[in-house]
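Take a look at the letters that make up each chain.
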Amino acid sequence: MAKTSQENSIWSGVYTSFDDAPEVEPVFNSDIWVEKQQVRVREILSTLSDGHVIPDNAIAKDYPLPTMVSLLLEMCKSLRVIDFGGAMGQSYLDLLAKIPKARSDLDYTVVETEALVKNVPDEMKAFENLTFTDDVDTLTGTADVVHIGSTLQYIDDWPLFLDQLSEKFQPKLFILSDLLVGDVPSFVTIQRYYDQTIRARFINISEFEDYWRSKDFNLIYKSYFQPLEGDVYFPNQGLPETHRINTACHMVFSCKQK
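How each quantity is defined
- Residues numbered from 1 in each chain as written.
- Predicted model: local features only at pLDDT ≥ 70, side-chain atom pairs only at ≥ 80, totals over all residues.
- Heavy atoms only, no water.
- Axes fitted to C-alpha atoms, helices over the stretch in contact; angles between N-to-C directions.
- Helix = DSSP H or I, 4+ residues; strand = E, 2+ residues; numbered from the N terminus.
- Parallel < 35°, antiparallel > 145°, perpendicular 65-115°, else oblique.
- Left-handed = near helix turned anticlockwise from the far one by under 90°.
- Contact = heavy atoms within 4.5 Å.
- Nonpolar A, V, L, I, M, F, W, Y, C, P; charged D, E, K, R; others polar.
- Expected span 1.5 Å × (residues − 1).
- Buried < 20%, exposed > 50% of the residue type's maximum accessible area, 1.4 Å probe, protein only.
- Arc of directions from axis to C-beta.
- Polar contact = N/O pair within 3.5 Å; in protein donor to acceptor, adjacent residues only side chain to side chain.
- Salt bridge = Lys/Arg side-chain N within 4 Å of Asp/Glu carboxyl O.

### Let's talk about the packing of helix α3 (residues 65-75) against helix α4 (residues 90-98)
Here comes step 1: Interhelical geometry of α3 versus α4 gives an angle of 55 degrees and a closest axis separation of 10 Å. For the element pair α3 / α4, the angle class is oblique. Considering the relative orientation of α3 and α4, their crossing is right-handed. Judged by residue contacts, L65, P66 and V69 of α3 engage S91, D94, L95 and K98 from α4.
Here comes step 2: Split by residue class, the contact of α3 with α4 holds four nonpolar, one polar and two charged.

### Describing helix α8 (residues 158-169)
Here comes step 1: Between its first and last C-alpha, α8 extends 16 Å over twelve residues, near the 16 Å set by a 1.5 Å rise per residue.
Here comes step 2: Within the sequence span of α8, burial applies to W158, F161, L162, L165 and F169. Across the axial projection of α8, the buried residues extend over an arc of 95 degrees, all falling on one side.
Here comes step 3: Taken together, the buried residues of α8 touch β2 (79-84), β5 (145-149), β6 (173-179), β9 (196-204) and α9 (205-213).
Here comes step 4: Between the side-chain oxygen of the N-cap and the backbone nitrogen of L160 there are 3.3 Å, and the N-cap of α8 in question is D157.
Here comes step 5: Of the residues flanking the end of α8, it is Q170, one or two places downstream, whose phi is positive at about 50 degrees.

### As for the pattern of salt bridges
Here comes step 1: Under the criterion given, the structure shown has nine salt bridges.
Here comes step 2: The partner of D94 in a salt bridge is K98, with the nearest N and O atoms 3.1 Å apart. Highlighted residues: D94 and K98, both in helix α4, separated by four residues, approximately one helical turn.
Here comes step 3: Here D94 falls in the partly exposed class, since its relative accessible area comes to 24%.
Here comes step 4: On the accessibility criterion, K98 (43% relative accessible area) is partly exposed.
Here comes step 5: Across the salt bridge formed by K118 and E114, the nearest N and O atoms sit 2.8 Å from each other. Of this pair, K118 and E114 both sit in helix α6 (residues 114-118), four residues apart, which is roughly one turn of the helix.

Structure below.
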């Protein structure tokens, strides 16, 4: 006989305090609890690596931008964020949803293509602290955060591009989301987008980290980006096995204290 939804529930009863609830066995000292924790910690230990490769258990379903910005806002009265490749402001809306002070304390600029900037919905233009531009050269002053989401792979000379952003904005943090960086040779491929194609660059992770080590930034966060269920983020059967990564990754770099 199939169990009812109530029988399947892990919760049962409503009480006002622990004293009102029935007496229970000390689960957190039980054999089953101890054995499960042993299995879990050994599984995690087996995935850790001292090398450049990101451990298999370092997985994130979201961009790291909201978490990083929320922590910075606790230390600063206001923040300026430059979101390079920020589409029509989706990441800004994510910040508004997750960070109570984001609407009042963030100065947020999205740098995008001319076509996207011209077609931003009027509803997005109503946010006073959100601006859009298709020309990064028109922006002046420094920024606290530079965010690059799902964009660096479309920049051919990425070291020069990052050098220019670093020199121009002098950010405290570079937050790089949805990177095509991994344990593969650096190479360029063709990406299919509906009936069109885009040139895209995969970057060797050791080469990428070596670049940042040569600058004034420390790697403070890294994870795989797995927004969808399953092990594979995108089909990659058209690439040689030596050039495949199963999923993109995130990396955050903090400016060294001088």
